[in-house]
Amino acid sequence: MANTATVEPLFGRLLTAMVTPFAADGSVDEEATAALARELVERGNDGLVVCGTTGEYSTMTDEENARVFRIVKDAVGDRASIIAGVGSNDTSHTIHVAGLAEEVGVDGLLVVTPYYNKPTQAGLLAHFRAVADAVTTPIMLYDIPGRAGIQIEAETLIALAEHPNIVAVKDAKADFASATEVLSRTDLQFYSGDDGLTLPWMSVGATGLIGVTTHVVPEQFRDLIDAVVRGDLATAQRLHQETHPVVTATMTRVPGAVAAKTILQWQGRLATSTVRLPHVEPTEAETARIRSDLEGSIAASSIR
């Protein structure tokens, strides 16, 4: 596979796994969703992952997910790639939601490892191939054993790469040796699924990042990725270190969807930080930790 600097990114290099803004009553805030999508693109994102884990897709109806796909696609048009989160632990349901996303005309489909069921690697092959056979939109696999309970093993990824419709991986397991094996034997593009590992991921050949912290400081992640691509290691290292406390605040105290919405409200970019059960808003102690993480960070000046 080509190196990070020369590979042509399929979906761009900087993508945000976008939250789904909710009104105070828990309904989808369509106006806020469109506005946030436009702002993230204007601030340097090449693409948006819509209705992924951070988008709280699992607490939304199929109709709500399809509506959000449409809202975001209409909001940004052709200025950014739209990747629709369509995965579940039910293959037929995944295919159904993938069909809804295709009707909208999204650029890619994010298909997560089936969670809770814990299928064998043969089951994963059958699941992903069934989805890929049912659609024409390019598929990005989402390997996240911390949530799914199982990983997609290297040989399974290599076998899946033979399918012409499976083109990329969002990796949240950080097994660099396994990823290097896959990168060396396939044309799959890897995207870091860990915000704080963007630099090490790109150093071994990843195309870019699908982040959550990128809601908070998108320009800094844009600069970090661009520095890697042009070979400016010193700048990339500095930005890696400067973004670290923001990553800590966004990704380690409470679930990313909860923290991102809370910080976006503090920044005045969302009217509410409403989440749907089983998520709840941060406790006083958690809020204090998040604020402490952000004090003195590159995001501090934007926080009210």
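Quick caveat: nothing in here was measured; it's all calculated off a predicted structure. (Residues numbered from 1 in each chain as written. Predicted model: local features only at pLDDT ≥ 70, side-chain atom pairs only at ≥ 80, totals over all residues. Heavy atoms only, no water.)

Trainee: Where do I start with the packing of aromatic side chains in this structure?
Mentor: The description of two aromatic rings rests on the distance between their centres and on the angle between their planes. Under the defined criterion, the tally for this structure stands at 2 aromatic pairs. Each residue in the set Phe-176, Phe-190 and Trp-201 is aromatic and connected to the rest through ring pairs, giving one cluster. The ring of Phe-22 carries the charged tip of Arg-276 above its face, separated from the ring centre by 4.5 Å. The positively charged end of Arg-291 is found above the aromatic ring belonging to Trp-266, 3.9 Å away from the centroid. (Phe/Tyr/Trp six-rings, centres within 6.5 Å; stacked < 30°, edge-to-face > 60°. Lys NZ or Arg CZ within 6 Å of the ring centre and 35° of its normal.)

Trainee: I would appreciate a short explanation of the packing of helix H11 (residues 256-266) against helix H12 (residues 284-294) in the present structure.
Mentor: When two helices pack together, their arrangement is given by the angle between their axes and by how far apart the axes lie. Contact pair H11 / H12: the axes reach a minimum separation of 12 Å and the direction vectors enclose 65°. Classified by chirality, the crossing of H12 by H11 is right-handed. Of the residues in H12, those touching H11 at Ala-259, Ile-263 and Trp-266 are Thr-287, Ile-290, Arg-291 and Leu-294. Its residues placed into classes, the contact of H11 with H12 shows 5 nonpolar, 1 polar and 1 charged. (Axes fitted to C-alpha atoms, helices over the stretch in contact; angles between N-to-C directions. Helix = DSSP H or I, 4+ residues; strand = E, 2+ residues; numbered from the N terminus. Left-handed = near helix turned anticlockwise from the far one by under 90°. Contact = heavy atoms within 4.5 Å. Nonpolar A, V, L, I, M, F, W, Y, C, P; charged D, E, K, R; others polar.)

Trainee: Teacher, can you tell me more about the pairing of strand S5 (residues 139-143) here?
Mentor: The side chains of a regular strand alternate between the sheet's two faces. When you tally the buried positions in S5, you get 5 out of 5 residues, the bulk of the element. The pairing of strand S4 (residues 108-112) with S5 spans 4 bridges and is classified as parallel. By the bridge assignment, Leu-110 is partnered in S5 with Met-140. The pairing of S5 with strand S6 (residues 166-171) spans 5 bridges and is classified as parallel. Opposite Ile-139, over in S6, you have Ile-166 as the bridge partner. (Buried < 20%, exposed > 50% of the residue type's maximum accessible area, 1.4 Å probe, protein only. Pairing = 2+ DSSP bridges.)

Trainee: Looking at this structure, I do not really get the sheet that holds strand S7 (residues 189-192). What am I missing?
Mentor: Sheet strands pair via backbone hydrogen bonds, and the direction of the pair is either parallel or antiparallel. One closed barrel accounts for 8 strands, arranged S1-S2-S3-S4-S5-S6-S7-S8; its pairing is parallel. The mean angle between the axes of side-by-side strands here comes to 25°, regardless of whether they run parallel or antiparallel. One ladder, built from 4 bridges, connects strand S2 (residues 47-50) with strand S3 (residues 81-85); its direction is parallel. By the bridge assignment, Gly-47 is partnered in S3 with Ser-81. Sheet contacts for helix H4 (residues 121-134): S4, S5 and S6; angle to S4, the most-contacted strand, approximately 160°.

Trainee: Teacher, can you tell me more about H4 here?
Mentor: Counting along an α-helix, one turn takes 3.6 residues, and residues three or four places apart therefore face a common direction. The end-to-end C-alpha distance of H4 is 20 Å, a good match for the 20 Å that 14 residues give at a rise of 1.5 Å each. Regarding H4, the residues found buried are Gln-121, Leu-124, Leu-125, His-127, Phe-128, Val-131 and Ala-132. Across the axial projection of H4, the buried residues extend over an arc of 170°, all falling on one side. Opposite the buried face of H4, by more than 90 degrees, sit the exposed residues Ala-122 and Asp-133. Looking at the buried residues of H4, the elements they touch are helix H3 (91-104), S4, S5, helix H6 (154-160) and S6. (Expected span 1.5 Å × (residues − 1). Arc of directions from axis to C-beta.)

Trainee: How do you make sense of the UniProt feature "binding site: pyruvate" (unreviewed entry) in the chain when you look at a structure like this?
Mentor: The feature "binding site: pyruvate" (unreviewed entry), as annotated in UniProt, sits at Thr-54 and Ile-210 in this numbering. Across 157 residues in sequence, these annotated residues keep their C-alpha atoms within 11.0 Å of one another, forming a single compact spot. The subset of the named residues that lines the largest pocket consists of Thr-54 and Ile-210. Looking at Thr-54, the relative accessible area reads 9%, which means it is buried. The contact partners of Thr-54, leaving out residues within four places of it in the chain, are Ala-17, Met-18, Val-19, Thr-20, Val-212, His-215 and Ala-257. As for its position among the elements, Ile-210 is in strand S8 (residues 208-211). Discounting residues that sit within four places of it in the chain, Ile-210 has contacts with Leu-15, Ala-17, Val-49, Met-140, Lys-170, Tyr-191, Ser-192, Gly-193 and Asp-195. (UniProt positions renumbered as here; feature names shortened; annotations may be inferred. 1 Å grid on protein atoms, 1.4 Å probe; cavity = no way out; pocket = protein on both sides within 12 Å on 5 of 7 lines; lining within 4 Å.)

Trainee: For this particular structure, what's the right way to read the environment of Gly-196?
Mentor: Along the chain, Gly-196 falls in the loop between S7 and helix H8 (198-203). Gly-196 sits 49 residues away from Pro-245 along the chain, and the two C-alpha atoms are 9.5 Å apart. Excluding residues that lie within four positions of it along the chain, Gly-196 makes contacts with His-240 and Val-247.

Trainee: Is there a simple way to think about the pairing of S7 in this case?
Mentor: Side chains of S7 alternate between two faces, with Gln-189 and Tyr-191 and Phe-190 and Ser-192 buried alike. Examined bridge by bridge, S6 and S7 share 4 bridges and lie parallel to one another. Bridge pairing in S7 links Lys-170 to Tyr-191. The pairing of S7 with S8 spans 2 bridges and is parallel. Bridging from a neighbouring strand, Ser-192 pairs with Leu-209 of S8.

Trainee: So what exactly am I meant to see when it comes to unusual backbone geometry here?
Mentor: Generally, phi is negative for residues other than glycine and the peptide bonds are trans, each holding for most cases. Cis geometry marks the peptide bond from Leu-277 to Pro-278, where omega comes out at 15°. Its place among the elements puts Pro-278 in the loop between H11 and H12. Unusually for a residue other than glycine, Lys-118 sits at a positive phi of about 55°. When you line up the elements, Lys-118 lands in the loop between S4 and H4. Classification of Lys-118 by relative accessible area gives exposed; the value is 53%.

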